[in-house]
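Spelled out, the chains give:
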Amino acid sequence: MRERNQITSAMEAVQKLESEVSDALELLAMAESDGDAAMVADAMASLRAAAEEAKRREIESLLSGEADANDCYIELNSGAGGTEAQDWAEMLMRMYMRWAEKHGYKVQLMEESEGEQAGIKSATLQVSGPNAYGWLKTEGGVHRLVRISPFDSNARRQTSFASVWVYPVVDDSIEIEINEADLKVDTYRASGAGGQHVNKTESAIRITHVPSGIIVACQTDRSQHRNRATAMAMLKARMYEAELQRREAVTAAQENAKTDIGWGHQIRNYVLAPYQLVKDLRTGVEKGNPDAVLDGDLDEFMAAALAARSGATRSEASANAR
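Fair warning: this is a prediction, and the values are worked out from it, not measured in the lab.

Draft legend 1. How the structure looks around the overall build of the chain. Looking only at helices and strands, one finds eight helices and eleven strands in the chain. Residues counted as buried form 36% of the 322 residues belonging to the chain. The contacts of the chain with a sequence gap of at least 6 include a subset with a gap of at least 24, amounting to 60%. Carbon and sulfur atoms form 49% of the exposed surface of the chain, whose accessible area is close to 18400 Å².

Draft legend 2. Fine view of unusual backbone geometry. A cis geometry characterises the amide bond from Ala 273 onward to Pro 274, with omega recorded as 10°. If you trace the backbone, Pro 274 turns up in the loop between strand S9 (266-271) and strand S10 (277-280). Unlike most non-glycine residues, Asn 131 shows phi in positive territory, near 60°. Looking at the element boundaries, Asn 131 is found in the loop between strand S3 (120-128) and helix H4 (132-136). According to the relative accessible area criterion, Asn 131 is buried, its value standing at 15%.

Draft legend 3. Geometry of the environment of Leu 281. Here Leu 281 shows up in the loop between S10 and strand S11 (286-287). Leu 281 sits in the partly exposed class, given a relative accessible area of 42%. Those residues in contact with Leu 281 that sit more than four places away from it in its chain are Gln 266, Ile 267, Arg 268 and Asn 269.

Draft legend 4. Expanded view of the pattern of salt bridges. This structure, assessed with the given rule, holds 16 salt bridges. Residue Asp 295 pairs with Lys 102 through a salt bridge whose shortest N-O separation is 3.9 Å. Pair noted here: Asp 295 is in the loop between helix H7 (290-294) and helix H8 (299-321) and Lys 102 is in helix H3 (residues 83-102), with a separation of 193 residues, a long-range link. Here Asp 295 falls in the partly exposed class, since its relative accessible area comes to 23%. Close ionic contact of Arg 282 with Asp 280 constitutes a salt bridge, the shortest N to O distance being 2.8 Å. Given the relative accessible area of 37%, Arg 282 is considered partly exposed. Residue classification places Asp 280 among the buried residues on the basis of a relative accessible area of 0%. Several salt bridges converge on common partners, so that one network encompasses Arg 94, Arg 98, Glu 101, Lys 102 and Asp 295.

Draft legend 5. Fine view of the sheet that holds S11. If you walk across this open sheet you meet the eight strands as S2-S3-S1-S5-S4-S9-S10-S11, and the pairing is mixed. Either end of the sheet is taken by a strand with one partner, and the two such strands are strand S2 (106-114) and S11. Pairing of S10 with S11 involves two bridges; the strand directions are antiparallel. Pairing of Val 278 across the sheet is with Lys 287, part of S11.

Draft legend 6. Representation of the side chain of Arg 144 in the model. Take Arg 144: it is sitting in strand S4 (residues 141-148). No salt bridge is formed by the buried Arg 144; its nearest oppositely charged neighbour, Glu 286, is found at 12 Å. Among the polar contacts made by the side chain of Arg 144, one reaches the side chain of Asn 269 at a distance of 3.4 Å.

Draft legend 7. Seen up close, the confidence of the model for the chain. When pLDDT is averaged along the chain, the result is 83; 85% of the residues meet or exceed 70. Overall, residues 194-198 carries pLDDT values under 50, and its contacts beyond four positions in sequence, including any with other chains, amount to five contacts.

Draft legend 8. Here's a closer look at the nonpolar core. Counting 38 residues, the largest nonpolar core has Ile 74, Leu 136 and Tyr 270 as the members making the most contacts within it. Those elements that place two or more of their residues in this core are strand S1 (72-78), H3, S3, H4, strand S5 (157-168), H7 and H8. Sort the elements by how many residues they give to this core and H3 lands first, with nine residues. Not counting residues within four places of it along the chain, the set of residues in contact with Ile 74 comprises Tyr 96, Ala 123, Thr 124, Leu 125, Val 127, Leu 136, Val 164 and Trp 165. Counting twelve residues, the second-largest nonpolar core is a separate cluster that includes Ile 178, Ile 207, Ile 214 and Met 232.

Scoring rules and cut-offs
Residues numbered from 1 in each chain as written. Predicted model: local features only at pLDDT ≥ 70, side-chain atom pairs only at ≥ 80, totals over all residues. Heavy atoms only, no water. Helix = DSSP H or I, 4+ residues; strand = E, 2+ residues; numbered from the N terminus. Buried < 20%, exposed > 50% of the residue type's maximum accessible area, 1.4 Å probe, protein only. Contact = heavy atoms within 4.5 Å. Areas by Shrake-Rupley, 256 points an atom, 1.4 Å probe, with all protein chains shown as cover. Salt bridge = Lys/Arg side-chain N within 4 Å of Asp/Glu carboxyl O. Pairing = 2+ DSSP bridges. Lys, Arg positive; Asp, Glu negative; His and termini not counted. Polar contact = N/O pair within 3.5 Å; in protein donor to acceptor, adjacent residues only side chain to side chain. pLDDT = per-residue confidence, 0-100. Core = buried A, V, L, I, M, F, W, Y, C linked by side-chain atoms within 4.5 Å.

Printed below as a string of structure tokens:
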């Protein structure tokens, strides 16, 4: 149902965009024929807005990962540096809250550890809304700030670090889908005590899930059908456990990917002094208005990172195909 709603929403957005472009073009033609400069400017503004929306929708089409549509958690931790780093971590938390609010997402503060004098040592936000994890997943990493310290009486320039880690919210009520074609079902006579019927008929069931190699068997009931139902329930439980183990392996890999919150590991630099610049070191995207970025203007950074990640995935898939 969620996938159906997402597809419906995407189709409605495209149809709305087409209608807006058509209306703007008609308005532009009328304005040019009437020589109305103000109306021409309005029509061009509408077309530029439509172009920006189309660009965003194009990037959004890259959000096809398994958990991209899920809500997510944002975990923030201050690096070494005491109050400076803790204040920077709080600035980042505000930045993501502002970004989420601008896009209509719900933000909930799950946990917060306050700093000694200012800022935060750590915090966890839950961001809820369509494709929340898909958009925010590229923000994970170390963020570096350079500024004139507001906590230094000598007004010296300071460098601070904070880390951001993004995880999808995963529903533990997993629905296990099993393809009957993947199953090998064997029947055999039950062994051991159990009466004449149990030992003389092939009521016991052994099911092998060929792709995973998981094997379950049941011979507790006289009925072959009931034994099969029980065996299927056992198989689903085994596959559920395997899924949990896979998740733990992914989480462990993410934990191992975490690096020191310091020099040489940052993904983005925020320079407030002696000049004004925010630069993403992975994609090269730069913005000369740090105040806007810290107020939640992150779409350009996210779009570039998503495009780069998608391009790398396609290149890898092409190489594997060759």
